[in-house]
Amino acid sequence: MRLFGQGRAALVGDPATAERLGWGTRRRSRPDPELILSPREGDPRREPWVAPPWYRPALRLETLRHGPARQPHWTYLTAAPGVARDLARLAAPPDPRGFSVGLAGLGRVGGVAATVLAAAPSRVSGIRELVIHDVDAANQQRWLLELGSIARWQGRGELPLVRAAGPREIFERCDAFLFAATDGVPPLGTRGEVRMVQLAPNRAILRGFLAEARRAAFAGLFLIVSDPVEWLAQSVFFDSNSDRQGRFVGDGLAPERIAGLGLGVMWARALAAARRRGWSETVARAGAAYGPHSKEVVAFDDVARPDRTRSERLSRAARECNFKVRDLGHLPYVGPGVSSVGLMLPPLLAGREALASVFVDGVYFGAPARLTWGLYPTGRRMADEVWTALAGLHARLRARARALDLLWE
Ligand SMILES: NC(=O)c1ccc[n+]([C@@H]2O[C@H](COP(=O)([O-])OP(=O)(O)OC[C@H]3O[C@@H](n4cnc5c(N)ncnc54)[C@H](O)[C@@H]3O)[C@@H](O)[C@H]2O)c1
């Protein structure tokens with residue numbers, strides 16, 4: 001078996017890509033590679049560009065109800081030019097000191113998320129530094145002072161270093177980027193949709209960040225916290241990989257390196273309802289939430305054996321809690337900052353299962369997922385009615401993506 005590349009990753013059976021990367025035949029003196037990658041046929045507009053052995057992109061949405069695969073190698077698509085940058089990054093050894101995380105947008109949600117991340121010791125969170133940025137200089141300085149005032153008295157373990165930087169440095173230095181900025185959250189008293197109205201202005205803000213990401217050849221994780229979570233994630237993938245005419249080029253961010261963080265708070269809201277009724281033990285063990293950070297999210301008390309009434313209650317709690325907080329005269333941001341980001345990011349970065357909106361068959365879909373280079377949904381045994389609900393929801397989201405001009409077909 002002829003391998004190419006001298007680093008922790010090696011290619012097999014693809015001299016053309018190896019040449020593009022400048023990876024020569026692997027020398028016999030080199031130790032065995034940690035991962036072997038072979039080329040795969042597939043559609044880069046619809047599938048992850050790089051996939052680990054446990055993930056089978058060809059299963060598309062079916063991956064949600066299948067256990068992990070045991071394929072011999074990692075696989076990658078040759079059709080997307082951007083994949084070369086990702087393979088080079090994958091071959092580089094991870095920084096043993098932990099992750100550098102950039103965060104843009106220090107508002108209510110971003111501020112709470114930053115607080116939780118800044119208060120967790122690096123050896124627990126895996127985060128060595130938090131690089132913060134806000135367009136409002138006084139607000140950025142205020143958060144630098146506030147987060148810098150978080151310390152323990154003789155506690156064990158260093159807290160992450162917090163410093164401020166602009167987008168350029170964030171994309172040059174960070175392993176993961178969190179986008180929590182917004183042009184504006186609809187004020188209290190707004191009736192109806194409070195998330196979708198943010199799509200055009202927040203997508204416009206993201207364009208500036210995408211330009212910096214491109215300039216820096218950023219191959220880190222691009223994580224969306226702002227609303228509408230899934231559609232902003234979709235527009236990041238779409239905008240970073242389109243030419244001026246909106247045609248697919250495929251030299252931007254890989255879809256599996258983009259994700260949305262909004263399902264955590266939905267699950268927390270469902271779990272709170274279960275706790276009030278005394279069901280939380282089963283729900284925490286066997287339940288899950290799926291779908292978007294919106295009124296369409298679905299929660300199940302037990303994915304393999306769902307109780308319809310209980311699941312409807314949990315879904316309703318997940319969908320409606322934000323309006324209850326608004327009706328009390330406050331914008332909801334503590335639960336979101338803590339559950340979607342502060343408590344979600346460390347296990348996610350550590351490669352444990354987390355809740356995130358990840359790329360499944362062409363659109364971003366909230367599901368339990370795992371980071372193994374990219375973020376991929378983790379399948380589990382599920383009842384037919386759960387599968388039917390998820391397949392229907394996914395089809396509606398695909399149709400909406402098309403209507404929003406966020407698909408290339
Ligand atoms: N994912 C979730 O779980 C979840 C839950 C609730 C709300 N949200 C969403 O999170 C987003 C933030 O909400 P919020 O209440 O914190 O808003 P906010 O108005 O309190 O804060 C927004 C911050 O973004 C900053 N900002 C604006 N433009 C910027 C730019 N170009 N670069 C850097 N910073 C910029 C502003 O200065 C401000 O500090 C909203 O879209 C909101 O709907 C997400």
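Preceding block: the structure.
The present account deals with the structure reproduced in this document. (Residues numbered from 1 in each chain as written. Predicted model: local features only at pLDDT ≥ 70, side-chain atom pairs only at ≥ 80, totals over all residues. Heavy atoms only, no water.)

Some details on a positive patch on the surface
A cluster of like positive charges, contributed by R276, R277, R313, R316 and K324, occupies part of the molecular surface. Within the residue set of the positive patch, elements represented by two or more residues are α9 (263–277) and α11 (308–327). Per element, the largest residue contribution to the positive patch is 3 residues, and it comes from α11. Tracing the backbone through its elements, the reader meets K324 in helix α11. (Patch = residues over 30% accessible without salt bridge, like charges linked within 9 Å, V, L, I, M, F, W, Y side chains within 5 Å. Areas by Shrake-Rupley, 256 points an atom, 1.4 Å probe, with all protein chains shown as cover. Salt bridge = Lys/Arg side-chain N within 4 Å of Asp/Glu carboxyl O. Lys, Arg positive; Asp, Glu negative; His and termini not counted. Charge placed at Lys NZ, Arg CZ, Asp CG, Glu CD. Helix = DSSP H or I, 4+ residues; strand = E, 2+ residues; numbered from the N terminus.)

Observations concerning the site of the ligand
Around the ligand lies a shell of 28 residues, among which V109, D134, Q198, V225 and D227 are the nearest. The side chain of Q198 places a nitrogen or oxygen atom 2.6 Å from an oxygen atom of the ligand. Measuring from a nitrogen atom of the ligand, one finds a backbone N or O atom of L261 at 2.9 Å. Taking 870 Å² as the accessible area of the ligand by itself, protein coverage stands at 85%. Secondary structure elements with two or more residues in the shell around the ligand: α3 (108–119), α7 (199–215) and α12 (334–342). With 3 residues, the top contributor of residues to the shell around the ligand is α7. Residue classes in the shell around the ligand are distributed as 13 nonpolar, 11 polar and 4 charged. (Near = heavy atom within 4 Å. Polar contact = N/O pair within 3.5 Å; in protein donor to acceptor, adjacent residues only side chain to side chain. Nonpolar A, V, L, I, M, F, W, Y, C, P; charged D, E, K, R; others polar.)

A short note on the nonpolar core
Grouped together as the largest cluster of nonpolar side chains are 123 residues, with contacts concentrated most on L37, L178, F222 and Y290. Residue contacts for F222: discarding those within four places in its chain leaves F171, F177, L206, L210, V236, L253, R257, I258 and A259. (Core = buried A, V, L, I, M, F, W, Y, C linked by side-chain atoms within 4.5 Å. Buried < 20%, exposed > 50% of the residue type's maximum accessible area, 1.4 Å probe, protein only. Contact = heavy atoms within 4.5 Å.)

Some words on the pattern of salt bridges
This structure, assessed with the given rule, holds 28 salt bridges. Among the salt bridges present, the one from R65 reaches E62, with a minimum N-O distance of 3.0 Å. Residue classification places R65 among the partly exposed residues on the basis of a relative accessible area of 30%. A residue is classified by how much of its surface remains accessible, and E62, at 26% relative accessible area, is partly exposed. Across the salt bridge formed by R163 and E169, the nearest N and O atoms sit 2.8 Å from each other. Here the salt bridges do not stand alone but share partners, grouping D95, R97, R128, E129, R163, E169 and R173 into one network.

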